[in-house]
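For reference, the chains in residue letters:
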Amino acid sequence: MGDGTEQEIRVMVVDDQRLFTRGLSGLLELLPGVEVVGVAYDGEEAVALCREREPDVVLMDISMPRMDGISATREIRDLLPQTAVIILTGHEEDEYVFEGIKAGA
């Protein structure tokens, strides 16, 4: 920021694989200037937590139960346009990347 103060980046981690989600959020917490403000295990939970906690960044899986990451990204970006969504996926098909970009990731 230039004035000697450091603003924390508020991050949310969303993935239906609980072990991965816990591990990634734990690693992020070790980084200076990063605060994990929540974890969610499906898209519906992610949208609800984003509404409540207003993260700066959401790390979003694509394939999840109840609501997939593309739909959740679309809702989060409509609700909180200032929040950046980064898609995390193991899918190799380009269609998932293009759908994520169209949704606002």
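Look above for the structure.
Residues numbered from 1 in each chain as written. Predicted model: local features only at pLDDT ≥ 70, side-chain atom pairs only at ≥ 80, totals over all residues. Heavy atoms only, no water.

(A) Fine view of the pattern of salt bridges. Throughout the structure, instances matching the rule amount to four salt bridges. For Glu52, the salt bridge identified is with Arg53, shortest N-O distance 3.3 Å. Under the relative-accessibility criterion, Glu52 is labelled exposed at 57%. Judged by relative accessible area, which is 32%, Arg53 ranks as partly exposed. It is possible to trace a salt-bridge network through shared partners that takes in Asp42, Glu44 and Arg66. (Salt bridge = Lys/Arg side-chain N within 4 Å of Asp/Glu carboxyl O. Buried < 20%, exposed > 50% of the residue type's maximum accessible area, 1.4 Å probe, protein only.)

(B) Up close: unusual backbone geometry. With a phi angle near 45°, Glu54 is a residue other than glycine that sits in the positive phi range. With respect to the element layout, Glu54 can be found in the loop between helix 2 (43-53) and strand 3 (57-61). Even without being a glycine, Arg66 presents a positive backbone phi close to 65°. Looking at the element boundaries, Arg66 is found in the loop between strand 3 and helix 3 (69-79). (Helix = DSSP H or I, 4+ residues; strand = E, 2+ residues; numbered from the N terminus.)

(C) Spatial organisation of the packing of aromatic side chains. Scanning all chains against the criterion turns up zero aromatic pairs. Positioned above the aromatic ring of Tyr41 is the side chain of Arg18, whose terminal nitrogen or guanidinium carbon lies 3.8 Å from the ring centre. (Phe/Tyr/Trp six-rings, centres within 6.5 Å; stacked < 30°, edge-to-face > 60°. Lys NZ or Arg CZ within 6 Å of the ring centre and 35° of its normal.)

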